[in-house]
Amino acid sequence: QVQLVESGGGLVQAGGSLRLSCAATGSAFSINVMGWYRQAPGQQRELVATITSSGSTNYADSVKGRFTISRDNAKNTVYLQMNSLKPEDTAVYYCNAAIRRSWGSSYSSWGQGTQVTVSS
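Source: prediction; values computed, not measured.

Undergrad: Requested: an account of the overall build of the chain, with residues and values cited.
TA: Helix and strand content of the chain: 0 helices and 11 strands. Going from N to C terminus, the chain has its helices and strands arranged as β-β-β-β-β-β-β-β-β-β-β. Over its C-alpha atoms the chain spans a radius of gyration of 14 Å, differing by no more than 12% from the 14 Å that the globule rule assigns to 120 residues. Projected onto its principal axes, the C-alpha positions of the chain cover 50 × 25 × 20 Å. Looking at the chain as a whole, 38% of its 120 residues are labelled buried. A fraction of 55% describes how many contacts in the chain between residues 6 or more apart in sequence connect residues 24 or more apart.

Structure representation (structure tokens):
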């Protein structure tokens, strides 16, 4: 079983920066796509950014130019560098990974989330 553990959330003033990380641990697996989602109270969970194993990235329009997703394949870790943070970025951020088992099947795995709060 693969476990995703997020870290790096916290409280920051508008205009500040945070760096989130998510590490996948386990055995007999590989990760094709990793991503970050976020969910504010009373809101739907939304996609923030994704990155493939080859480094191809996609971003939500609301974070383009401010956030950067990256990954370390050797460590099975994905990062989200968040700059120029805005109060509307406040949410619980969740790590997601498309897990491929050694025998070929795949499934989606989620972390428990890390709170990001941006104050005015």
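Undergrad: I'd love a proper account of the packing of aromatic side chains, names of residues and values included.
TA: Taken as a whole and judged by the stated rule, the model has 1 aromatic pair. The ring of Tyr-94 has Arg-45 sitting right over it, with the charged end atom 3.7 Å from the ring centre. Seen from the ring of Trp-110, Arg-45 lies directly overhead, with NZ or CZ sitting 4.7 Å from the centre.

Undergrad: Explain the pairing of strand β10 (residues 106-110) to me, and be specific about the residues and the numbers.
TA: Of the two faces of β10, the one lined by Tyr-107 and Ser-109 is fully buried and the one lined by Ser-106, Ser-108 and Trp-110 carries no buried residue. Relative to β10, strand β9 (residues 91-101) is paired through 5 bridges, and the arrangement is antiparallel. What sits directly across from Ile-99, in β10, is Tyr-107. Linkage of β9 to β10, two consecutive antiparallel strands, is achieved through a turn of 4 residues, within which Gly-104 is found at a positive phi near 110°.

Undergrad: Now, about the side chain of Arg-66: what can you tell me, with residues and values included?
TA: Relative to the helices and strands, Arg-66 resides in the loop between β6 (57-59) and β7 (67-72). Among the polar contacts made by the side chain of Arg-66, one reaches the main-chain carbonyl oxygen of Ser-62 at a distance of 2.8 Å. With sequence-adjacent residues up to four places away left out, Arg-66 is seen in contact with Gln-81, Met-82, Asn-83, Ser-84, Leu-85, Lys-86 and Asp-89.

Undergrad: Please give an account of the environment of Leu-85 that cites residues and values.
TA: Structurally, Leu-85 is set in the loop between β8 (77-82) and β9. Note on Leu-85: relative accessible area 2%, which makes it buried. Between the C-alpha atom of Leu-85 and that of Pro-41, which follows or precedes it by 44 residues, the distance is 18 Å. Contact partners of Leu-85, with chain neighbours within four places excluded, come to Val-12, Ala-14, Gly-15, Gly-16, Ser-17, Leu-18, Arg-66, Phe-67 and Val-118.

Undergrad: Explain the sheet that holds strand β3 (residues 18-25) to me, and be specific about the residues and the numbers.
TA: Reading across from one edge, β1-β3-β8-β7 is the order of the 4 strands in this open sheet, with antiparallel pairing throughout. Strand pairing shows two members of the sheet lacking a second neighbour, β1 (3-7) and β7, which therefore form its edges. Within the sheet, the average angular offset between the axes of one strand and its neighbour, ignoring direction, is 15°. By the bridge criterion, 6 bridges tie β3 to β8 in an arrangement that is antiparallel. Bridging across to β8, Leu-20 finds its partner in Leu-80.

What counts and what doesn't
- Think of each chain on its own: its residues are numbered from 1, step by step along the sequence as written.
- A pLDDT threshold of at least 70 governs which residues receive local features in this predicted model, and a stricter bar of 80 or more applies before side-chain atom pairs are shown or counted, although totals over entire chains, interfaces and linings include all residues.
- Values reported for side chains reflect all heavy atoms of the structure, with hydrogen atoms and water molecules removed beforehand.
- Only DSSP runs of H or I covering at least 4 residues are called helices, and only runs of E covering at least 2 are called strands; the numbering of each starts at the N terminus.
- We compute the radius of gyration over the C-alpha atoms and compare it with the globule rule, which gives 2.2 Å times the number of residues raised to the power 0.38.
- Exposure classes here rest on a 1.4 Å probe applied to the protein chains alone. A residue is buried below 20% of its type maximum, exposed above 50%, and partly exposed in between.
- Any two residues having at least one pair of non-hydrogen atoms within 4.5 Å are treated as being in contact.
- Two rings from Phe, Tyr or Trp (for Trp, the six-membered ring) form a pair when their centres sit within 6.5 Å of each other. Planes less than 30 degrees apart are called stacked, planes more than 60 degrees apart edge-to-face, and all others tilted.
- For a ring to carry a charge above it, either NZ of a lysine or CZ of an arginine must fall within 6 Å of the ring centroid while also lying within 35 degrees of the normal to the ring plane.
- Pairing between strands requires that DSSP locate at least two bridges from one strand to the other.
- Any N or O atom pair separated by 3.5 Å or less is treated as a polar contact, with the protein-specific requirement of one donor-capable and one acceptor-capable atom, and with residues adjacent in sequence counted only for side-chain atom pairs.
- The convention used is that axes are lines fitted to C-alpha atoms, helices contributing only their stretch in contact, and that angles between N-to-C directions extend from 0 to 180 degrees.

What is shown is where atoms sit, not what they do.
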